[in-house]
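Examining the three-dimensional arrangement
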Amino acid sequence: QSRGERVKHIRAHREHTVEKETDPQQVVMVNLSCLLLKNLDNVGSCRSLRVCILADNFISTIDALIACVHIVKLDLKGNQITQLPGVVFWDSLRRLQLLHLHDNNIGTRKNIEGLSGCPNLTALTLYDTPLSLKGNYRHCIINSIWSLKALDNFVVSDEEIIENWILPLHFKSLCHHFYLNLYPAAKMVCRPSCAP
């Protein structure tokens, strides 16, 4: 093969690769953090998307993601979300396991009722929202989303599932033994430690 043919072959390969990488149907991960985004119309065309990071934007609605049925991780931290879509939306995201919603303006449990339709959601962050300041917040969220194993950097304890069940300190909710950093970039929140 002559040098010219090799260069031509390499160029054709690069063009094919670039074309393949920019096809929205083939995109499996996007990181669009801190880009002042307001809508997700273009992201919704990424049908193969598995990891979607949209932190620190101006997003208020996420309905365009309903077609992204392969999403496993969705990061919506630090946006302007007050109301989430209903059960139909979350039921379509059957593979979603990790959802970051902290630092949004979600104020009532009614705003997130649809999340109960997400069958495989195992970890959720809602801290730094008005909802997280309400009494009995963890108990209500945990008992409305049955698949949850961790909420706001703490593993769900049996005490939180069964109301008025008193456990030894070692197994109490929010005990340091149950700490799990769901958002590694975030600073750790100091909590009173539990005695072993």
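Residues numbered from 1 in each chain as written. Predicted model: local features only at pLDDT ≥ 70, side-chain atom pairs only at ≥ 80, totals over all residues. Heavy atoms only, no water.

**Concerning the overall build of the protein chain**
- Counting its regular elements, the protein chain contains 4 helices and 7 strands.
- In sequence order, the protein chain lays out its α and β elements as α-β-β-β-α-β-β-α-β-β-α.
- Within the protein chain, the fraction of its 196 residues that count as buried is 39%.
- Counting only contacts in the protein chain whose residues sit at least 6 apart along the sequence, the fraction spanning at least 24 positions is 45%.
- Surface accessibility of the protein chain: about 11,400 Å² in total, with carbon and sulfur atoms responsible for 56%. (Helix = DSSP H or I, 4+ residues; strand = E, 2+ residues; numbered from the N terminus. Buried < 20%, exposed > 50% of the residue type's maximum accessible area, 1.4 Å probe, protein only. Contact = heavy atoms within 4.5 Å. Areas by Shrake-Rupley, 256 points an atom, 1.4 Å probe, with all protein chains shown as cover.)

**Things to note about unusual backbone geometry**
- In this model, Asp 128 sits at a positive phi of 60°, which is unusual for a non-glycine residue.
- Mapped onto the fold, Asp 128 is located in the loop between strand S5 (123–125) and helix H3 (137–142).
- Its identity is not glycine, yet Asn 136 carries a phi of approximately 65°, on the positive side.
- Among the structural elements, Asn 136 can be located in the loop between S5 and H3.

Bear in mind that shape data such as this cannot, by itself, settle questions of function.
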